[in-house]
Amino acid sequence: MIPDFSERLLRWFDENGRKNLPWQQDISAYRVWLSEIMLQQTQVATVIPYFDKFTQKFPIINQLAAATEDEVLHLWTGLGYYARARNLHKAAKIVTDQYNGEFPHSLEELEALPGIGKSTAGAILSIAHQIPATILDGNVKRTLSRCFGIEGWPGQGKVAQQFWRQAEILTPTIRVADYTQAIMDIGATLCTRTNPQCERCPFAGECPNKVLPVKLISGLDTTKALSIKKYSCSHPRVAIILV
């Protein structure tokens, strides 16, 4: 267990977190929802121009609901996973027709909307409404897996329950919007899938999966191209450069 995880993460976020992304400005449930749907399986740098186009064309959810599906899909062209765009349009119509253009404030009602799962619903509640709710996207899963030694495929029932249980334990009741952004940020910027920057992580001292400083092995055939291998037979991991 890593002590004071949430407090330390928030301190890291205050100094290092991303605060200038487009959806972090003029925060609303609509903008949070739109960004979360676009960011599924898609990198931030790719999403930004699409988010800007969508919010310029449809600044409020009622205008998105009033658009045709063809208009929505045209703006989505190039972002991939087109079921997201269709569900986006369907959800916009439901929110407009049944909730007068305002996203509901309950997890259950949000999850009932097309394309919104528990994690996206948690992001909407915590970031837009400051309601304590848990998120568990890919970045969060990777961070929790490494920091708390959760092993196994996240799609497996028992493993998924472990992830949610740990994520819920860590979610604070104050500064919930900042914490939600922070737990996503650390996975996206430091605890990355490849080449994690463990030396900059606030939890490097306790993380069982941290990568130790690189060791150089000399005396090998230097005519071979530089290659990097990571050995993980046991913790902690060591990055070894062969030269």
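This text goes with the structure placed above it.
Residues numbered from 1 in each chain as written. Predicted model: local features only at pLDDT ≥ 70, side-chain atom pairs only at ≥ 80, totals over all residues. Heavy atoms only, no water.

Student: Is there a simple way to explain the layout of surface pockets in this structure?
Tutor: Over the atoms a probe the size of a water molecule is rolled, and this reveals where empty space is left. The volume enclosed by the largest pocket comes to roughly 1,100 Å³. Lining the largest pocket are 40 residues, and of these Leu-39, Thr-42, Asp-137, Gly-138 and Asn-139 lie nearest its centre. When contributions to the lining of the largest pocket are tallied by element, the ones reaching two or more residues are α2 (29-39), α8 (118-129), α9 (138-148), α10 (157-170) and α11 (176-189). Take the lining of the largest pocket: its biggest share by element is six residues, from α11. (1 Å grid on protein atoms, 1.4 Å probe; cavity = no way out; pocket = protein on both sides within 12 Å on 5 of 7 lines; lining within 4 Å. Points joined across faces, edges and corners; volume = space filled by probe spheres on them. Helix = DSSP H or I, 4+ residues; strand = E, 2+ residues; numbered from the N terminus.)

Student: Just checking my understanding: could you explain the packing of helix α1 (residues 5-16) against α11 for this structure?
Tutor: The angle between the axes and the distance between the axes are what describe a pair of packed helices. The geometry of α1 relative to α11 is characterised by a closest axis approach of 9 Å and an angle of 75 degrees between their N-to-C directions. On the basis of the axis angle, α1 is roughly perpendicular to α11. Contact residues: α1 offers Phe-5, Ser-6, Leu-9, Leu-10, Trp-12 and Phe-13, while α11 offers Asp-178, Tyr-179, Gln-181, Ala-182, Ile-183, Asp-185, Ile-186 and Thr-189. Its residues placed into classes, the contact of α1 with α11 shows nine nonpolar, three polar and two charged. (Axes fitted to C-alpha atoms, helices over the stretch in contact; angles between N-to-C directions. Parallel < 35°, antiparallel > 145°, perpendicular 65-115°, else oblique. Contact = heavy atoms within 4.5 Å. Nonpolar A, V, L, I, M, F, W, Y, C, P; charged D, E, K, R; others polar.)

Student: What's the story with the pattern of salt bridges in this structure? I'm lost.
Tutor: Once the charged atoms of two side chains with opposite charge are near each other, the side chains can pair. Summed over all chains, the structure comprises six salt bridges. For Asp-14, the salt bridge goes to Arg-175, with nearest N and O atoms at 2.6 Å. In this pair, Asp-14 sits in helix α1 while Arg-175 sits in the loop between α10 and α11, placing the two residues 161 residues apart along the sequence. By relative accessible area, Asp-14 is classed as partly exposed at 42%. For Glu-69, the salt bridge is made with Arg-86, and the minimal N-O distance between the two is 3.8 Å. One end of the pair, Glu-69, is in helix α5 (residues 69-76); the other, Arg-86, is in helix α6 (residues 83-98), with 17 residues separating them in the sequence. (Salt bridge = Lys/Arg side-chain N within 4 Å of Asp/Glu carboxyl O. Buried < 20%, exposed > 50% of the residue type's maximum accessible area, 1.4 Å probe, protein only.)

Student: Quick question: what am I supposed to make of the environment of Ser-6 here?
Tutor: Along the chain, Ser-6 falls in helix α1. Excluding residues within four positions of it along the chain, Ser-6 makes contact with Leu-170, Pro-172 and Tyr-179. From its side chain, Ser-6 meets the backbone oxygen of Leu-170 in a polar contact 2.4 Å long. (Polar contact = N/O pair within 3.5 Å; in protein donor to acceptor, adjacent residues only side chain to side chain.)

Student: What exactly am I supposed to notice about the nonpolar core here?
Tutor: Most often, soluble globular proteins keep nonpolar side chains buried together rather than apart. The biggest cluster of nonpolar side chains holds 65 residues, and the ones touching the most others in it are Phe-5, Trp-33, Phe-54 and Phe-103. Counting residues per element, this core draws most heavily on α2, at seven residues. Each residue touching Trp-33, except ones within four places of it in the same chain, is listed here: Ile-61, Leu-64, Leu-88, Ala-91, Ala-92, Phe-103, Ile-116 and Ile-124. (Core = buried A, V, L, I, M, F, W, Y, C linked by side-chain atoms within 4.5 Å.)

Student: Looking at this model, I keep getting lost on empty space enclosed by the protein. Mind explaining?
Tutor: One pass over the full model with this rule turns up two cavities of 30 Å³ or more. Taken together, 13 residues make up the lining of the largest cavity; nearest its centre are Cys-191, Pro-196, Cys-198, Cys-201 and Cys-207. Its residues assigned to classes, the lining of the largest cavity comprises eight nonpolar, two polar and three charged. Lining the second largest cavity, in full, are Ala-133, Thr-134, Ile-135, Val-140, Leu-144, Ala-167, Thr-171, Tyr-179, Thr-180 and Ile-183. Contributing elements (two or more residues each) for the lining of the second largest cavity: α9 and α11. Considered class by class, the residues forming the lining of the second largest cavity number seven nonpolar, three polar and no charged.

Student: Help me out: how do you make sense of α9 in this one?
Tutor: Each turn of an α-helix holds 3.6 residues, which means side chains three or four residues apart point in the same direction. For α9, every residue scored as buried is listed here: Val-140, Arg-142, Thr-143, Leu-144, Arg-146, Cys-147 and Phe-148. Here the buried face of α9 lies against α1, α10 and α11. Structurally, the start of α9 carries an N-cap: the backbone nitrogen of Asn-139 is 3.2 Å from a side-chain oxygen of Asp-137. In the segment just after α9, Gly-149 is the residue with positive phi, at about 65 degrees.

Nothing here speaks to function; it is geometry throughout.
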